[in-house]
Amino acid sequence: MTRIALVTGGSRGIGKAIATQLASEGLFVCVNYRKDHEQAKACVTEIRAAGGEAQAYGFDISDEAQVQAAIDQITQEHGGIDVLVNNAGIARDALLLRAKSEDWDQTLATNLSGLFYCCKYALKSLLKRKQEGRIINISSVVGVMGNAGQTAYSAAKAGIIGFTKSLAKEVASRQITANVVAPGFVRTDMTDALSESQKEQLLSQIPLQRWAEPEDIANLVTYLTSPEAAYITGQVIQINGGLYL
């Protein structure tokens, strides 16, 4: 039976790398996107061109009703979900004294509440499937070590850790694992937009002296979905080049 994976924020960056890698391992990948429909279509086209299977699903993970409807649709069309990768997230950075309440609300609504909705509604499907289930939640190094100007983002990413540890205990008896992947600085559109001096300053903090590539994160996520990772649950696996040890 083909395993079905849902990757939120799967149309670009880390999410696209994860979706592509999972598809190359034979999973049918449901690529979630919120606005960038063309990028999601391009990701699906790329996966299919390489011999994989995928389909794009547009919904806002911060909207509970949209999440429920989308997961119901995926379940009806494909029989359920075996792997859930909660990758979608946003950052609204500012020093606390300058932070806006609406930015705080939006950051937690997407990064934490959205993850809660996806886990809640996908879990019903995961429990019904006869294959071992996998939940992988993408946090961040700043959820562990903190970072000035990112109180909202850090709070949300730290919340993912506590959420996942509790969830892992709830579902372990049903052979479903739940783990956190906490990346450091990854080469994405956001980091590419930094000035050269900013890049040099950030790289000086990383012992391996390079950014992570999206594929580095995808490789770890793919391993956590594999049979070889069946005894790993409730863990926070950091992948940051030595930035935080």
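Higher on the page you've got the structure.
Rules and cut-offs
Residues numbered from 1 in each chain as written. Predicted model: local features only at pLDDT ≥ 70, side-chain atom pairs only at ≥ 80, totals over all residues. Heavy atoms only, no water. Helix = DSSP H or I, 4+ residues; strand = E, 2+ residues; numbered from the N terminus. Rg over C-alpha atoms; globule rule 2.2 N^0.38 Å. Buried < 20%, exposed > 50% of the residue type's maximum accessible area, 1.4 Å probe, protein only. Contact = heavy atoms within 4.5 Å. Areas by Shrake-Rupley, 256 points an atom, 1.4 Å probe, with all protein chains shown as cover. Lys, Arg positive; Asp, Glu negative; His and termini not counted. Charge placed at Lys NZ, Arg CZ, Asp CG, Glu CD. 1 Å grid on protein atoms, 1.4 Å probe; cavity = no way out; pocket = protein on both sides within 12 Å on 5 of 7 lines; lining within 4 Å. Points joined across faces, edges and corners; volume = space filled by probe spheres on them. Nonpolar A, V, L, I, M, F, W, Y, C, P; charged D, E, K, R; others polar. Core = buried A, V, L, I, M, F, W, Y, C linked by side-chain atoms within 4.5 Å. Pairing = 2+ DSSP bridges. Axes fitted to C-alpha atoms, helices over the stretch in contact; angles between N-to-C directions.

(A) Representation of the overall build of the protein chain in the model. Helices and strands together make up the secondary structure of the protein chain, namely nine helices and seven strands. Taking 245 residues into account, the globule formula puts the C-alpha radius of gyration at 18 Å, and the protein chain, at 17 Å, falls close to it. Viewed in the frame of its principal axes, the protein chain has a C-alpha envelope of about 50 × 35 × 35 Å. For the protein chain, with 245 residues in total, the buried portion stands at 47%. Contacts in the protein chain between residues at least 24 apart in sequence constitute 73% of all its contacts with a sequence separation of at least 6. Carbon and sulfur atoms make up 51% of the accessible area of the protein chain, which totals about 11900 Å². Computed over 23 positive and 25 negative side-chain charges, the separation of the two mean positions in the protein chain equals 4 Å.

(B) Structural view of the layout of surface pockets. Looking at the largest pocket, its volume works out to about 1500 Å³. Around the largest pocket, the lining comprises 50 residues; the ones closest to its centre are Gly 89, Ile 90, Tyr 153, Thr 188 and Met 190. For the lining of the largest pocket, the elements supplying multiple residues, two or more each, are helix H1 (13-24), strand E2 (28-33), helix H4 (101-128), helix H6 (151-171), helix H7 (189-192) and helix H8 (196-203). The leading source of residues in the lining of the largest pocket is H7, at four residues. Among the residues making up the lining of the largest pocket, the classes are represented as 19 nonpolar, 20 polar and eleven charged. Gln 68, Ile 71, Asp 72, Thr 75, Gly 79, Gly 80, Tyr 121, Lys 124, Ser 125, Lys 128 and Arg 129 are the residues that line the second largest pocket. Sorting the residues of the lining of the second largest pocket by element identifies helix H3 (64-78) and H4 as the ones contributing at least two each.

(C) Representation of the environment of Asn 111 within the structure. You can see Asn 111 is positioned in helix H4. On the basis of relative accessibility, which here comes to 1%, the residue Asn 111 falls in the buried class. The contact partners of Asn 111, leaving out residues within four places of it in the chain, are Ala 88, Gly 89, Ile 90, Tyr 153, Ala 156, Lys 157 and Ile 160.

(D) Local environment of the nonpolar core. Judged by nonpolar contacts, the single largest core of 31 residues is most densely connected at Leu 6, Val 67 and Ile 135. Elements represented by at least two residues in this core include exactly strand E1 (4-7), E2, H3, H4, H6 and strand E6 (176-183). In terms of residue count, the dominant contributor to this core is H4 (eight residues).

(E) Layout of the sheet that holds strand E4 (residues 83-86). Taken in spatial order, the seven strands of this open sheet run E3-E2-E1-E4-E5-E6-E7, and their pairing is parallel. In the strand order of this sheet, the two ends are held by strand E3 (53-58) and strand E7 (236-239), each with one partner. Going from strand to strand, the sheet's axes swing by 20° on average, the running direction of each strand aside. Here E1 runs beside E4; their pairing, made up of three bridges, is parallel. Residue pairing across strands places Leu 6 opposite Leu 84, the latter belonging to E4. Its contacts with the sheet put helix H2 (residues 37-49) on E2 and E3, and the angle it makes with E3 is roughly 170°. Most of the contacts of helix H9 (residues 214-224) go to E6, to which it runs at about 165°, and overall it touches E4, strand E5 (133-138), E6 and E7.

Purely geometric stuff here, so don't read any function into it on its own.
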